[in-house]
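# Working through the structure, step by step
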Amino acid sequence: MNYLIGDLQGCCDAFERLLLKIDFSPSRDRLYLLGDLVNRGPASLATLRRLMELGNSATCLLGNHDLHLLAIAYGVKKPHRSDTVQGILDARDRAALLDWLRHQRMACYAQGWLMVHAGVLPQWTLEDTLALAGEVESVLRGPDLGDFVREMYGNEPAAWDAALVGPARLRCIVNALTRLRFVDAAGRMDFKTKDSADSAPPGHRPWFDAANRRTDAVPIAFGHWSTLGLVQRPHLLALDTGCVWGGRLTAASVENGQSLELISVKCEQAQKPG
C-alpha cells in the first residue's frame, strides 16, 4: 500500500504510532512524507534517524522547516526560540543527517499524485512543477548549497516569470513549493496571512482555488497549512492536521490518483500556536 503522510515536525512518537496503526511493512508498503520533517516537535533528531532507516521505502519532501535547518547549519540563520533542531546540530552523525536531508525531494509525482509541501503556482503545469523542483534539488545537492541558503530568504519576486534567473528564480520556486497559501488573480503570492482559507486577504484566494490553475485536473497532495486542516476533494488532499499543535498525524492510502482511506493518530501538544 502507498501512504501519503502530513507534516511530522519532529513528532517521532506519533509517527511510530501511525506506522503501527497502518501495519506498515517496508518490504510491502511505500511512504511519502510531505515535508516539514523536523522542528517544533520534541524529537527532531530521532525523526531524521528513523526516516533514514526506512531507506527506499520512504520518499521525503522538504518543507520550509527542513530548509530552515540547513540555513542554521550553514550559519545563515540563528535558531528561533521555538526551534527543536539543536540535537541534530550537536549529533555525532550530524554530517550524515544533513547530507541525507539535502538529497531529499522538493516535489514528486507518484501513484498518480503530484506531491509538494505547500503549493503549486497557477501558471505551472505538472511538468513545470517537477522541472522547477529539480532545479532547486540540483543546487541543494551541489557544491553551492551555502551560497543558495544565503540567497533563499525573502518574499520577492512574488510572481512567477519564466525569464527569472539566478537567486531570484530559485527563491520564487522555493517560496511556492514550501510557503505558499494564497495568491491573487495574477498569481502573486501572499506570505502575510497564515490563517484558514476563510481568512484570505482581499483579492486573494487559496492557491488551489485559483482561476485557470493549470494543474486543476492533476491530483495534488500537500501539507504545510495546519490552520486549513484536512481537505479531501477528488483531486486534492491537504494533510497537515496539526500534529505538533496537539492535533492529529494523518496518512492517506492512495492508488492511481485516488485517495482510498484516511488514517490518523492523536498527538501530544508540543507547541502552543502563536
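Rules and cut-offs
- Residues numbered from 1 in each chain as written.
- Predicted model: local features only at pLDDT ≥ 70, side-chain atom pairs only at ≥ 80, totals over all residues.
- Heavy atoms only, no water.
- 1 Å grid on protein atoms, 1.4 Å probe; cavity = no way out; pocket = protein on both sides within 12 Å on 5 of 7 lines; lining within 4 Å.
- Points joined across faces, edges and corners; volume = space filled by probe spheres on them.
- Helix = DSSP H or I, 4+ residues; strand = E, 2+ residues; numbered from the N terminus.
- Nonpolar A, V, L, I, M, F, W, Y, C, P; charged D, E, K, R; others polar.
- Axes fitted to C-alpha atoms, helices over the stretch in contact; angles between N-to-C directions.
- Parallel < 35°, antiparallel > 145°, perpendicular 65-115°, else oblique.
- Left-handed = near helix turned anticlockwise from the far one by under 90°.
- Contact = heavy atoms within 4.5 Å.
- Buried < 20%, exposed > 50% of the residue type's maximum accessible area, 1.4 Å probe, protein only.
- Lys, Arg positive; Asp, Glu negative; His and termini not counted.
- Salt bridge = Lys/Arg side-chain N within 4 Å of Asp/Glu carboxyl O.
- Polar contact = N/O pair within 3.5 Å; in protein donor to acceptor, adjacent residues only side chain to side chain.
- Pairing = 2+ DSSP bridges.

## Observations regarding the layout of surface pockets
- Estimated volume of the largest pocket: approximately 840 Å³.
- As for the largest pocket, its lining consists of 32 residues, and the residues nearest its centre are Arg40, Asn64, His65, Lys194 and His224.
- Sorting the residues of the lining of the largest pocket by element identifies helix H3 (64-73) and helix H8 (166-179) as the ones contributing at least two each.
- Looking at the lining of the largest pocket, its residues break down into eight nonpolar, 14 polar and ten charged.

## Some details on the packing of H3 against helix H5 (residues 94-102)
- Closest axis-to-axis distance for the H3/H5 pair is 11 Å, and the angle between their directions is 135°. The orientation of H3 with respect to H5, classified from their angle, is oblique. Of the two elements, H3 crosses H5, and the hand of that crossing is left-handed. On H5, the residues touching Asp66, Leu69, Leu70 and Ala73 of H3 are Arg94, Leu98, Leu101 and Arg102.
- A per-class count over the contact of H3 with H5 returns five nonpolar, no polar and three charged.

## Description of the side chain of Asp66
- Mapped onto the secondary structure, Asp66 falls in helix H3.
- The side chain of Asp66 sits in the buried core without any salt bridge; Arg40 is the nearest counter-charge, 11 Å away.
- At a separation of 2.7 Å, a polar atom in the side chain of Asp66 contacts the main-chain amide nitrogen of Gly63.
- Residues contacting Asp66, with those up to four places away along its chain left out, are Gly35, Asp36, Leu37, Val38, Leu61 and Leu101.

## Considering the sheet that holds strand E6 (residues 182-184)
- Taken in spatial order, the three strands make up an open sheet running E7-E6-E8, and their pairing is antiparallel. In this open sheet, the two strands that pair with only one neighbour each are strand E7 (189-190) and strand E8 (204-206).
- Sheet topology places E6 next to E7; two bridges connect them, and they run antiparallel. For Phe182, the partnering residue across the bridge sits in E7 and is Asp190.

## Let's talk about the pattern of salt bridges
- Summed over the entire model, instances satisfying the criterion amount to 14 salt bridges.
- As a salt-bridge pair, Arg50 and Glu16 come within 2.6 Å of each other at their nearest N and O atoms. Remark: Glu16 occurs in helix H1 (residues 12-21) and Arg50 occurs in helix H2 (residues 44-54); sequence separation between them is 34 residues.
- Two residues, Arg28 and Asp23, come together in a salt bridge whose shortest N-O distance is 3.9 Å.
- Classification of Asp23 by relative accessible area gives exposed; the value is 53%.
- Here the residues in one salt-bridge network are Glu16, Arg50 and Glu53, joined through shared partners.

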